[in-house]
Structures are given as structure tokens and as C-alpha cells.
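Here is how the chains run, residue by residue.
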Amino acid sequence: MANVDAAYGLALHEDNSQSNLILCVIHGDNGTATFVNDAVKLEDRASIRIQGGQYALPVCQAAATDPIFGVIMGFQQHTVASGMDLSRRHRPASTAMYCMVKPAHPLDVYRIQADDDTETLGLGSLGSNADLIVGSGSTTTGLSAMELDSNTAAATAGLQLKIVGFVDRPSNTPGSAQQDVLVTINQNMAFNDAGVAGVAE
């Protein structure tokens, strides 16, 4: 049975760190829409507050190769300067908004779909590192379109994710296109932004 091609970003699979979520803020002049399960990085700019809320760490969507600060778990839709929409699940482009971020921790395990576009991860990929590939998330589900870029799988230390397993369920076939894999965050802004070498595929 073919795997379902439906990206969803970095979904928390094992919360081994048991760390609290951190309130962060995305600036209104950021023109990239942001979604649940997006990886984010810290932004080197002043903090802001929205509608009398608190000052929070400024973040933005992480790109491929960026060390990761954390993963977005949700947005505060009720604290916006204008255009409140409680049925919305993502942060629209150019909208200042608070988000709740799970800090990147080397013990936490996430599941993510591999893009497997020109190269499919094999069963020997466990222990390898890989980068993210960023897509446009869903405004309907609010979920990220980030995937693991299977073409980048290597032992190289400076890759964002470490592949530690395959999602064990009947609808997921390891070694086949659009497989769901288990990863930890290798390039981590808090612990080791250079990453740790993996094993060769």
C-alpha cells in the first residue's frame, strides 16, 4: 500500500524533555505565513507586544540549514491588532501574532514526512542527519508543510534533523516514498547549533 502524501511539519511524538511551552512573537512585517508544527528560529530584532500583551521572544520560520530554536504548537488568535478570527488555526502573512513554541531539546522525538522526491530514504537511513524542506502550509488545517529533505541525508554534523526511526503503523511503509520518519532536532540553538555527526547512509 502506498504511503499517503500529506505533509504536516514536525509533530511531537515523544515529549521526553517534558519542557514547558514558551510564549514567542512574530512581527507584523514578516511576510511569510506561519503554521502549527513549523520549526522556528530566533530573530535578531527587538521584541514587541500586541494589544497590551507581554514582550516575548521574537521568532520567524526557520529555513533549510538554520539551527532550530523550537517548534510552533499553536497561536493566540484572540490577541491580534485587528482581524481577530477564532476559527483560524495559522498565522497569516504580515500579521503580528503570539505563538506557543516547544523549545528544541535533543531528547524530544518528532515525526515528519520525508519528501522522497528524487531519492527515497532506505532502511539504512537510521542515524543519518538531514535538513528540512519548507513548503506552504494549509490555511484549512493550520498545519505546516515542512518535510524532511531526503536528498540531504548524510553523516554531516551541520544538518538540522537526526533520523532515529520510522513511524510504526500499518499505513506507513518504511523505505517507500512519502514515508513518515521519527527525528530529533540535531542543529539546536539552545544546546548545539553546529549539530552532531550522524552515520553514513
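Look up a bit, the structure's there.
Starting afresh in each chain, residues are numbered from 1 along the sequence in its written order. Per-residue local features are limited, in this predicted model, to residues with pLDDT of at least 70; the limit for side-chain atom pairs, both in listing and counting, is 80 or more; totals at the level of whole chains, interfaces and linings are taken over all residues. Only heavy atoms go into the side-chain values, all of them from the structure, while hydrogens and water stay out.

1. Looking at the overall build of the protein chain
- We count a stretch as a helix when DSSP gives it H or I for four or more residues in a row; a strand needs E for two or more, and each element gets its number in order from the N terminus. Helix and strand counts for the protein chain stand at zero helices and 12 strands.
- Expressed along its principal axes, the backbone C-alpha trace of the protein chain runs to roughly 50 × 35 × 30 Å.
- Note on definitions: a residue-residue contact is assigned when non-hydrogen atoms from the two residues lie within 4.5 Å. Pairs at least 24 residues apart make up 76% of the contacts formed inside the protein chain by residues separated by at least 6 positions.
- The method behind every accessible area is Shrake-Rupley, applied with a 1.4 Å probe, and residues are considered shielded solely by the protein chains displayed. About 8,800 Å² of surface is accessible on the protein chain, with carbon and sulfur atoms providing 53% of the total.
- Under the convention used here, Asp and Glu are negative, Lys and Arg are positive, and both His and the chain ends fall outside the count. In this description, the location of a charge corresponds to atom NZ of lysine, CZ of arginine, CG of aspartate or CD of glutamate. The protein chain carries 10 positive and 21 negative side-chain charges, and their two centres are separated by 11 Å.

2. Overview of the sheet that holds strand S6 (residues 97-103)
- Only strands that DSSP links by at least two bridges are regarded as paired with each other. A barrel is described by the order of its strands in space; here five strands give the closed sequence S2-S4-S3-S5-S6, paired in mixed fashion. In this sheet, neighbouring strand axes are inclined to one another by 55° on average, regardless of whether the strands run parallel or antiparallel. Lines fitted to C-alpha atoms define the axes, with helix axes restricted to the stretch in contact, and inter-axis angles between N-to-C directions lie between 0 and 180 degrees.

3. Looking at the nonpolar core
- Within the largest apolar cluster, 21 residues are counted, with the highest numbers of intra-cluster contacts made by Leu 10, Ile 112, Leu 132, Leu 148, Leu 161, Val 181 and Val 183.
- Elements with a minimum of two residues in this core: strand S7 (109-113), strand S11 (161-166) and strand S12 (180-185).
- Not counting residues up to four positions away in its chain, the partners in contact with Ile 112 are Tyr 8, Gly 9, Leu 10, Leu 132, Met 146, Glu 147, Leu 148, Leu 161, Gln 179, Asp 180, Val 181 and Val 183.
- What we call a nonpolar core is a set of buried Ala, Val, Leu, Ile, Met, Phe, Trp, Tyr and Cys residues that are connected through their side-chain atoms within 4.5 Å. Relative accessibility thresholds used throughout: buried, under 20% of the residue-type maximum; exposed, over 50%; partly exposed, between the two (1.4 Å probe, protein chains only). Counting residues in each nonpolar core, the second largest holds 12 residues, with Ile 26, Phe 75, Cys 99 and Val 101 among its members.

4. Observations regarding the pairing of S7
- The element S7 is largely enclosed, with a buried count of four among its five residues.
- Of the pairings in the sheet, the one linking S7 to S12 comprises four bridges and is antiparallel in character. Bridging across to S12, Arg 111 finds its partner in Leu 182.

5. Comments concerning the packing of aromatic side chains
- Think of it this way: a Phe, Tyr or Trp ring, Trp meaning its six-membered ring, pairs with another when their centres are within 6.5 Å, and the plane angle makes it stacked under 30 degrees, edge-to-face over 60, tilted otherwise. Scanning the entire structure with this criterion turns up zero aromatic pairs.
- For a Lys NZ or an Arg CZ to count as sitting over a ring, it must be within 6 Å of the ring centre and within 35 degrees of the ring normal. Here the basic side chain of Arg 111 rests over the ring of Tyr 8, its NZ or CZ set 4.9 Å away from the ring centre.

6. Remarks on the sheet that holds S7
- The antiparallel open sheet is built from five strands, whose spatial order is S1-S7-S12-S11-S8. Both outer strands of the open sheet, strand S1 (11-14) and strand S8 (129-130), are each paired with one neighbouring strand and no more.

7. Considering unusual backbone geometry
- Phi is positive for Asp 116, close to 45°, though the residue is something other than glycine.
- Although it is not a glycine, Gln 178 adopts a positive phi angle of roughly 60°.
- Overall, the relative accessible area of 18% leaves Gln 178 in the buried class.

8. Details of the pattern of salt bridges
- By definition here, a salt bridge exists when the distance from a side-chain nitrogen of Lys or Arg to a carboxyl oxygen of Asp or Glu is within 4 Å. Under the criterion given, the structure shown has five salt bridges.
- With a closest N to O distance of 2.3 Å, Asp 180 and Arg 169 form a salt bridge. Within this pair, whereas Asp 180 is found in strand S12, its partner Arg 169 is found in the loop between S11 and S12, the two being separated by 11 residues in sequence.
- Asp 180 sits in the buried class, given a relative accessible area of 5%.

9. Notes on the environment of Arg 91
- Along the chain, the position of Arg 91 falls in the loop between strand S5 (70-75) and S6.
- Placed 56 residues apart in sequence, Arg 91 and Phe 35 show a C-alpha to C-alpha distance of 6.3 Å.
- Non-local contacts of Arg 91, meaning those with residues more than four positions away in its chain, are made with Ile 26, His 27, Asn 30, Thr 32, Ala 33, Thr 34, Phe 75 and Met 97.
- Pairs of N or O atoms within 3.5 Å make up the polar contacts considered here, provided that, within protein, one atom can donate a hydrogen while the other can accept it, and that residues adjacent in sequence are counted only when both atoms are side-chain atoms. Within the structure, Arg 91 has its side chain in polar contact with the backbone oxygen of Thr 95 (distance 2.7 Å).

10. Considerations on the side chain of Asp 131
- With respect to the helices and strands, the residue Asp 131 is situated in the loop between S8 and strand S9 (132-133).
- Lys 162 provides the closest opposite charge to the buried, salt-bridge-free Asp 131, at an N-O distance of 12 Å.

11. Let's talk about the state of the cysteines
- The disulfide criterion is simple: two cysteine sulfur atoms within 2.5 Å. Applying the stated criterion across every chain yields a total of zero disulfides.
- Free cysteine Cys 60: the closest other cysteine sulfur is in Cys 99, separated by 10 Å.
- For Cys 60, a relative accessible area of 9% corresponds to the buried category.
- With no disulfide of its own, Cys 99 lies closest to Cys 24 among cysteine sulfurs, the gap being 5.2 Å.

From the geometry alone we can't say anything about function, so treat these as descriptive.
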